[in-house]
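What follows is the residue order along each chain.
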Amino acid sequence: MSTMELIIMGYCARLFATFKQESGPKGGSTITQQLAKNVFLSNEKTLRRKWEEWFIARKIEQTYSKKEILEMYVNRVYFGEGAWGVKKAAETYFGKDVSELTVSESALLAGLIKAPSALSPVRHYKEAIARRNIVLELMKEQGYIDEKTLLRAKQEKIIIQKEKSDPYKGNYPYYVDSLIEEAVNRYHLTQNEVLSGGLRIYTELDPHMQQALEEVYKNDRLFPEGTNGQMVQSGAVLLDPRTGGITALIGGRGEHVFRGFNRATQLKRQPGSTMKPLAVYTPALEQGYSVFAELKDEPFDFNGYRPENYDHMYRGSVSMYEAVIHSLNVPAVWLLDQIGIEKGVDAAKRFGIPLTAADHYLGLALGGLEHGVSPLQMAQAYSVFPNEGMRTEAHIITKIIDREGNEIAKWRPKKVRVTTKEVAQKMTFLLEGVVREGTGQRASIPGRELAGKTGSTQVPIAGVNGVKDQWFVGFTPNLVGAVWLGYDNTDKDHYLQTTSSQTVAVIFREMMEKALEGTPADRFSYPAIKQELPLLKKKEEPKEKNRHEQGKGDWKPKYHPFHEHKHFHEHKQKKWKEKGKHHKHDE
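Nothing here was measured: the structure is a model prediction, and the numbers come from that model.

(A) Structural context of the pattern of salt bridges. Going through the model one piece at a time under the given rule, you end up with 21 salt bridges. In this structure, the salt-bridge partner of Glu-393 is Arg-186, at a minimum N-O distance of 2.9 Å. Taken together, the positions of Glu-393 in the loop between β6 (390-392) and β7 (397-401) and Arg-186 in helix α9 (residues 173-187) put the pair 207 residues apart, joining distant regions of the chain. Relative accessible area serves as the criterion here: at 23%, Glu-393 is assigned to the partly exposed category.

See the structure below:
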């Protein structure tokens, strides 16, 4: 047995006396109970779990000797800085094998067990040394070391290998964090089992796509400069729309904190206009509205709720296509009022968006949610469109094999029919227009068909004209991505001053372009849109004939040749300009 293990076991032997002091699951945990929790149970904090912990601890005591329990404990206990077990702790703090540790180094690690964060030598060196000295004194009292060894150990200078404080630095840390979270919450493993349980965990990770995200997020030039020492933060997710597999994700900018806040999966922010396709336009198409239906765009007062367009202008009426690509607010709210709020609520829930009773109002059209959403939730919702109306639950882990070769967990796809194949195609057509000629033009990738939606929310502080959140959620036929941008804490001094079309759309383009490098450029298919052509012809023919009668040239109807898109979009841009309201791409 190594010096390290002798020192720690000697130190823990003093604690072993507490084993018999507790007769039930109340109070603090004994070493055996901590062992039971780390090896057999999750971190769930319930009375039932406490009883399970207590009974398992008793079974351990009946099965193993005191020495065996202590050995298991020191090989599994947490030492801080992401290090579980003495072997990992020795590597993390000193860059050496546990057998090579000195008495002084061993005593320092033994002292960390009580409070690994508060006594971490990386962050609290003086406190860690003071604790080491206490452990050394206790070891002398117990007869594990003599006076000469005690003095020599106290005088030894401890050198900490600080650069290895993050166990997954440089190895897709946010993806690993999410993997651990999924293993714990979905498959009921403990963090210790995941990190040092000898498991083989198979995932949906695409290393090329993950590396693409990592590179984009290291490029500070793509992100707005922070103010007063606060960094503008961001989170992003990429997933396969058919399998629901999360191929890449990143939860923040700057230094990673092991299992810290993950903005890709744990963020809760209002989605702004990215909610319109989910809560308004999809249910409207389901109710029979055409993608070219005329929507009202004029001042309205819905029982005190007065929505405005971002440019404070009104156009009288616009087609659904125009309303979507230019992200107009008033037509979206008016349309939700026409189809009924409950239709929008039902659709949002089908897309997997969590709502509360407070969200049942017309502001839902503009993403006014009480609690908000994460990039992962938005990516999963938008995966419905390229996946022909189906939503497959997002996941990282595909299977888990234990050290004996047994399959202890396996992903079983969970699919939900959200909308029809035809509606999904129509929404994809509308959202491709956003990227081709609307607010999302800066997200476009030459040679690739891409659809998506910008979104932003305003700073909710009187007198401050700025942006709190920026979003872009989009997809190709085979990959969905979602990006959020903003400050962790928005106040009068910390908010964004650019639009989502100017900033987050560019970040989205960069990450998608890099992620898809070397893959075929697949195309969208719109057979359902052909059904809309007679409606468009009927609407546009009288207008064009009127132009002909006024001597402005022969009438030649311009319909959308869906293999190219060109003539249709040129026609819509011309029509928009003729209204005198052709606005900048903004929200």
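(B) Structural view of helix α15 (residues 341-350). Among all positions of α15, only Gly-344, Val-345, Ala-347 and Ala-348 are buried. Seen end-on, α15 carries its buried residues on one side only, within an arc spanning 165 degrees. If you follow the buried residues of α15, they end up packed against α12 (276-286) and α14 (329-339). Backbone geometry just downstream of α15 places Gly-352 in the positive-phi region, at approximately 90 degrees.

(C) Representation of the pairing of strand β11 (residues 467-475). Along β11, eight of the nine residues are buried, which leaves the element largely enclosed by surrounding structure. Examined bridge by bridge, strand β10 (residues 451-458) and β11 share eight bridges and lie antiparallel to one another. Following the sheet pairing, Gly-455 is matched in β11 by Trp-471. Two strands pair when backbone bridges link them, and β11 and strand β12 (residues 480-486) are joined in this way by seven bridges, in the antiparallel orientation. Paired with Gln-470 across the strands is Leu-485, a residue of β12. Hairpin geometry of β11 and β12 is characterised by an intervening segment of four residues between the two adjacent antiparallel strands.

(D) Region of interest: unusual backbone geometry. Here Arg-259, not a glycine, exhibits a phi torsion of approximately 55 degrees, which is positive. For Arg-259, the location among the structural elements is in the loop between β3 (246-250) and α12.

(E) Representation of the packing of helix α7 (residues 125-142) against helix α8 (residues 147-155) in the model. Interhelical geometry of α7 versus α8 gives an angle of 175 degrees and a closest axis separation of 10 Å. Taken together, α7 and α8 sit at an angle that is classed as roughly antiparallel. Contact residues: α7 offers Arg-132, Asn-133, Leu-136, Glu-137 and Lys-140, while α8 offers Glu-147, Leu-150, Ala-153 and Lys-154. Among the residues forming the contact of α7 with α8, the class breakdown is three nonpolar, one polar and five charged.

(F) Spotlight on the environment of Lys-349. As for its placement among the helices and strands, Lys-349 is situated in helix α15. Its relative accessible area of 47% is what places Lys-349 among the partly exposed residues. Separated by 71 residues in sequence, Lys-349 and Leu-278 place their C-alpha atoms 9.2 Å apart. Among all residues touching Lys-349, those that are not within four sequence positions of it are Leu-355, His-360 and Arg-391.

(G) Summary view of the sheet that holds β7. Read from one edge to the other, the open sheet built from three strands follows the order β1-β7-β8, with strand pairing classed as antiparallel. The open sheet has two edge strands, β1 (200-203) and β8 (407-410), and neither has a second partner. Neighbour-to-neighbour, the strand axes of the sheet open up by a mean angle of 10 degrees, direction not taken into account. With four bridges joining them, β1 and β7 adopt antiparallel strand pairing. Residue pairing for β7: Arg-200 is matched across the bridge by Ile-401. Sitting on the sheet, α9 touches β1, β7 and β8, and the angle it makes with β7 is about 70 degrees.

(H) Region of the structure containing α12. Across the eleven residues that make up α12, a large majority, ten, are buried. Among the residues of α12, Lys-276, Pro-277, Leu-278, Ala-279, Val-280, Tyr-281, Thr-282, Pro-283, Ala-284 and Leu-285 are the ones counted as buried. With its phi angle positive at about 105 degrees, Gly-288 sits one or two positions after the end of α12.

(I) How the structure looks around the sheet that holds strand β2 (residues 233-239). What the five strands build is an open sheet, ordered β3-β2-β12-β11-β10; its pairing is antiparallel. Where the open sheet ends on each side, the last strands, each with one partner, are β3 and β10. Averaged over all adjacent pairs, the angle separating strand axes in this sheet is 10 degrees, with direction ignored. Relative to β3, β2 runs antiparallel, the two being bridged by four bridges. Within the sheet, the bridge partner assigned to Val-237 lies in β3 and is Leu-249. Strands in contact with helix α11 (residues 207-218) are β2, β3 and β12; relative to β3, the strand with the most contacts, it is inclined by about 20 degrees.

(J) Layout of the packing of helix α5 (residues 86-94) against helix α6 (residues 103-112). Packing of α5 against α6 brings their axes to within 11 Å, and their N-to-C directions diverge by 110 degrees. Between α5 and α6, the crossing angle belongs to the class labelled roughly perpendicular. Crossing hand, α5 versus α6: right-handed. Residues Ala-89, Ala-90, Tyr-93 and Phe-94 of α5 pack against Glu-105, Leu-108, Leu-109 and Leu-112 of α6. Classifying every residue of the contact of α5 with α6 gives seven nonpolar, no polar and one charged.

(K) Representation of the environment of Gly-447 in the model. As for its placement among the helices and strands, Gly-447 is situated in the loop between α17 (421-437) and β10. You can call Gly-447 exposed: its relative accessible area is 69%. In the structure, Gly-447 is positioned 76 residues away from Arg-523 in sequence and 10.0 Å away in space, judged by C-alpha atoms.

Definitions and limits used
- Positions within a chain are numbered from 1, following the residues in the order the chain's sequence is written.
- At least 70 in pLDDT is required for a residue's local features to be given in this predicted model, at least 80 for side-chain atom pairs to be given and counted, and no such filter applies to totals for whole chains, interfaces and linings, which use all residues.
- Water and hydrogen atoms were dropped before computing side-chain values, which therefore reflect all heavy atoms in the structure.
- Salt-bridge detection follows one rule: a side-chain nitrogen of Lys or Arg within 4 Å of a carboxyl oxygen of Asp or Glu.
- Helix numbers and strand numbers start at the N terminus; a helix is a DSSP run of H or I with at least 4 residues, a strand a run of E with at least 2.
- Partly exposed describes any residue whose relative accessible area lies between the buried limit of under 20% and the exposed limit of over 50%, with all areas from a 1.4 Å probe on protein chains only and scaled to the type maximum.
- As used here, the arc belongs to the directions running from the helix axis to the C-beta atoms.
- Any two residues having at least one pair of non-hydrogen atoms within 4.5 Å are treated as being in contact.
- Only strands joined by at least two bridges in the DSSP assignment are considered to pair.
- Lines are fitted to the C-alpha atoms to define the axes, a helix being fitted only along its stretch in contact, and any angle between axes, read from their N-to-C directions, falls within 0 to 180 degrees.
- Oblique is the label for any angle not covered by the other classes, which are roughly parallel (under 35 degrees), roughly antiparallel (over 145) and roughly perpendicular (65 to 115).
- Each residue is assigned to one class: nonpolar for Ala, Val, Leu, Ile, Met, Phe, Trp, Tyr, Cys and Pro, charged for Asp, Glu, Lys and Arg, and polar for all the others, Gly among them.
- Crossings are sorted by hand: turned counterclockwise from the far helix by less than a right angle, the near helix makes the crossing left-handed, and turned clockwise it makes it right-handed.

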